[in-house]
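# Structural characterization, general
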Amino acid sequence: MKKRILAYGRLNDEQLAQLGQDFEVQTFPDLASADDPAFRSALPDAHGLIGASVAITPELLEEAPNLEAIATISVGYDKYPVEELTRRGILLCNTPDVLTETTADTGFLLIMATARRAVELAELIKRGEWQTGIGPEHFGSDVHGKTLGMIGFGRIGAAVARRGALGFGMRILYTKASPKPELEVELGAERHEMDSLLAEADIICVTVPLTAETEHLIGEREFALMKPTAIFVNIARGQVVNEAALIEALEMGRIRAAGLDVFEQEPLSPESPLPHMTNVVALPHIGSATHETRHAMAQRAVDNLVLALRGEHPINLVNEAAWRSV
Ligand code: NAP
């Protein structure tokens, strides 16, 4: 009997056909939550899951005794109970590398848009308020030559910093990462304690994963340490930042602006003050959302799942310990 896959991510026809060669595939194209009754009733017979943005809890795993592997179409895996998966010998595969450059582009998009007030000034034209030349009350601030503070300096953090250092002549500081001697040589990056980075950086960009240690890593104390002219950009996960503290810092003018791709609650409620603030550029979690990159991510997830269900080592395995226990 063929192994069974539940596919709840966006896969194209070729990718579904690739899975269908060796496996039976049941699709859930618009799955919003793993509590969906049809999805839950399919779990007991599932050997593989492939998808994104749906939280898989330890309780759900109780209902999936045949599960061998999960392929998430993302690099972040905060929606999965890694320890529990490992304990059960279930492989968890993610999609690093293929989205690094596109997500870094989004980081720089937010840096540029906030610094130069691009969205706010585009809105001004739409309202018919461009009557005379734009004056100092609408001037932005330079990005080139400024100091960029990276909180998290892994694949995406380094790619943002590379754009800053090599494209915009920025000084690069980093924290919350092990020493990176090669990047110190390549980009002149300097490793700082968190507090001194917060105090010195003109633009601060968060790229740490969401873990128990990084939840609410940035809050009231951290915003208070930033320059009043600081621009804060988060392209990691919303829960890394205490959003109430961020809103207060923006409202009180403790920082100048924020560029946000991620939020504590997604989708962000239109009731949130954030998207209505003129000094905030808010995007609907589009870090990796280009045709090319989403295709590459889905393909990587398909390849990972096929390998895992065939008993071969997947290209990207989060929980290596589960492989050893297979
Ligand atoms: P990565 O290569 O693993 O880099 C993570 C960085 O964070 C590393 O420098 C790591 O330190 C550091 N870090 C600090 N505290 C950590 C902790 N408690 N646990 C683990 N790492 C910690 O990951 P990446 O590929 O750059 O992706 C980073 C995150 O970006 C993802 O986890 C995801 O949440 C987010 N992301 C968002 C989008 C979006 O659509 N907005 C798209 C892709 C990714 P070391 O250098 O010492 O390992």
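Since the model is a prediction, treat every value here as computed from it, not as a measurement. Counting restarts for each chain, with residues numbered from 1 along the sequence as it is written. For a predicted model such as this one, the threshold for reporting local features is a pLDDT of at least 70, and the threshold for listing and counting side-chain atom pairs is 80 or more; totals across whole chains, interfaces and linings nevertheless cover every residue. Hydrogens are left out, water is left out, and the side-chain values use all remaining heavy atoms of the structure.

### Some points on the site of the ligand
Definition in use: Throughout, near means a residue has at least one heavy atom within 4 Å of the molecule or strand. Within 3.5 Å is the distance limit for a polar contact, defined as a pair of N or O atoms, with the added protein rule that one can donate a hydrogen and the other accept it, and that residues adjacent in sequence qualify only through two side-chain atoms. Per-residue and other accessible areas were derived by the Shrake-Rupley procedure at a 1.4 Å probe size, with only the shown protein chains allowed to occlude residues.
Close to the ligand lie 27 residues; Arg155, Ile156, Ser178, Lys180 and Asp261 are nearest. Residue Arg237 places a side-chain N or O atom 3.4 Å away from an oxygen atom belonging to the ligand. In this structure, Asp261 approaches the ligand through a side-chain N or O atom, which is 2.8 Å from a nitrogen atom. For the ligand, the protein covers 80% of the area, taking 930 Å² as the surface of the free molecule.

### Brief notes about the UniProt feature "domain: D-isomer specific 2-hydroxyacid dehydrogenase catalytic" (unreviewed entry) in the chain
The following threshold applies: UniProt positions are given in the numbering used here, feature names are shortened, and annotations may be inferred rather than shown by experiment. Helical segments are the DSSP runs of H or I of at least four residues, strand segments are the runs of E of at least two, and each set is numbered from the N terminus.
Feature annotation in UniProt assigns "domain: D-isomer specific 2-hydroxyacid dehydrogenase catalytic" (unreviewed entry) to the following positions: residues 6-319. Across residues 6-319 one finds 36% helix and 14% strand; the C-alpha atoms that close the span lie 21 Å apart.

### Details of the layout of surface pockets
Counted only if it meets this: Here a cavity denotes grid points, spaced 1 Å and computed from the protein atoms alone, that fit a 1.4 Å probe unable to get out, and a pocket denotes an open set having protein on both sides within 12 Å along at least 5 of 7 lines; residues with an atom within 4 Å of a point are the lining. Grid points are joined across faces, edges and corners, and a volume is the space filled by probe spheres set on the points. Residues are grouped as follows: nonpolar covers Ala, Val, Leu, Ile, Met, Phe, Trp, Tyr, Cys and Pro; charged covers Asp, Glu, Lys and Arg; every other residue, Gly included, is treated as polar.
The calculated volume of the second largest pocket comes to roughly 200 Å³. Residue lining of the second largest pocket: 13 residues in total, with Val119, Glu120, Glu123, Met277 and Thr278 positioned closest to the centre. For the lining of the second largest pocket, the element with the most residues is helix H6 (residues 118-126), which contributes 4 residues. Taken together, the residues of the lining of the second largest pocket break down into 7 nonpolar, 3 polar and 3 charged.

### Topic: the side chain of Gln15
Filter applied, for reference: Each residue gets one of three labels from its accessible area relative to the maximum for its type: buried under 20%, exposed over 50%, partly exposed in between, using a 1.4 Å probe on protein chains only.
Summarising the element assignment, Gln15 is placed in helix H1 (residues 13-22). For Gln15, a relative accessible area of 2% puts it in the buried group.

### Things to note about the pairing of strand S1 (residues 3-7)
How we decide: One requirement defines pairing of two strands: DSSP has to find at least two bridges between them. A right-handed crossover is one whose linking path, passing over the helix from the first strand to the second, runs clockwise when the strands point away from the viewer.
With 5 bridges connecting them, S1 and strand S2 (residues 23-27) associate as parallel partners. Looking across to S2, one finds that Leu6 is bridged to Gln26. Crossover connection from S1 via H1 to parallel S2: handedness right-handed.

### Remarks on the pattern of salt bridges
Applicable threshold: Note on definitions: salt bridges are taken to be side-chain nitrogens of Lys or Arg within 4 Å of carboxyl oxygens of Asp or Glu.
Taken as a whole, this structure holds 21 salt bridges when the rule is applied. Two residues, Arg4 and Glu24, come together in a salt bridge whose shortest N-O distance is 2.4 Å. Placement of the pair is Arg4 in strand S1 and Glu24 in strand S2, with a sequence separation of 20 residues. With relative accessibility at 22%, the residue Arg4 sits in the partly exposed group. Residue Glu24 is classed as partly exposed on the basis of its relative accessible area of 37%. A salt bridge links Arg163 to Glu101, with the shortest nitrogen-to-oxygen separation between them at 2.8 Å. In this pair, Arg163 sits in helix H7 (residues 155-168) while Glu101 sits in helix H5 (residues 100-115), placing the two residues 62 residues apart along the sequence. Through salt bridges that share partners, Glu62, Glu84, Arg87 and Arg88 make up one connected network.

### Brief notes about unusual backbone geometry
Here the bond from Glu266 into Pro267 is cis, since omega is -5 degrees, no more than 30 degrees from zero. As for its placement among the helices and strands, Pro267 is situated in the loop between strand S11 (257-260) and strand S12 (280-282). Here the phi dihedral of Ser53 falls at roughly 65 degrees; this positive angle occurs in a residue that is not glycine. By secondary structure assignment, the location of Ser53 is in the loop between strand S3 (48-51) and helix H3 (58-62). The exposed category is assigned to Ser53, whose relative accessible area is 60%. In this structure, Lys176 is a non-glycine residue whose phi angle is positive, near 55 degrees. Inspection of the secondary structure assignment puts Lys176 in the loop between strand S7 (171-175) and helix H8 (181-187).

### Here's the deal with the packing of H5 against H7
As a reminder of what qualifies: In this analysis, axes come from line fits to C-alpha atoms, helices being fitted only over the stretch in contact, and the angle between any two N-to-C directions falls in the range 0 to 180 degrees. Working rule for angles: under 35 degrees goes down as roughly parallel, over 145 as roughly antiparallel, 65 to 115 as roughly perpendicular, anything else as oblique. For any pair of crossing helices, the crossing counts as left-handed if the nearer helix is rotated counterclockwise from the farther one by less than a right angle, and right-handed if it is rotated clockwise. Throughout, a residue-residue contact means that at least one pair of heavy atoms, one from each residue, lies within 4.5 Å.
Their axes nearest at 8 Å, the elements H5 and H7 cross at an angle of 55 degrees. The pairing of H5 with H7 is recorded here as oblique in orientation. For the element pair H5 and H7, the recorded crossing hand is right-handed. Only Arg155, Ile156, Ala159, Val160, Arg163, Gly164 and Phe168 of H7 make contact with H5, whose side of the interface consists of Thr100, Glu101, Thr103, Ala104, Asp105, Phe108, Ile111 and Met112. By residue class, the composition of the contact of H5 with H7 is 8 nonpolar, 3 polar and 4 charged.

### Observations concerning empty space enclosed by the protein
Tallying each qualifying case throughout the model produces 2 cavities of 30 Å³ or more. Within this model, the largest cavity holds a volume of roughly 50 Å³. Contributing to the lining of the largest cavity are Asn234, Gly238, Val241, Glu243, Leu246, Leu260, Val262, Phe263, Glu264 and Leu274. The calculated volume of the second largest cavity comes to roughly 30 Å³. Here the lining of the second largest cavity is composed, by residue class, of 7 nonpolar, no polar and no charged.

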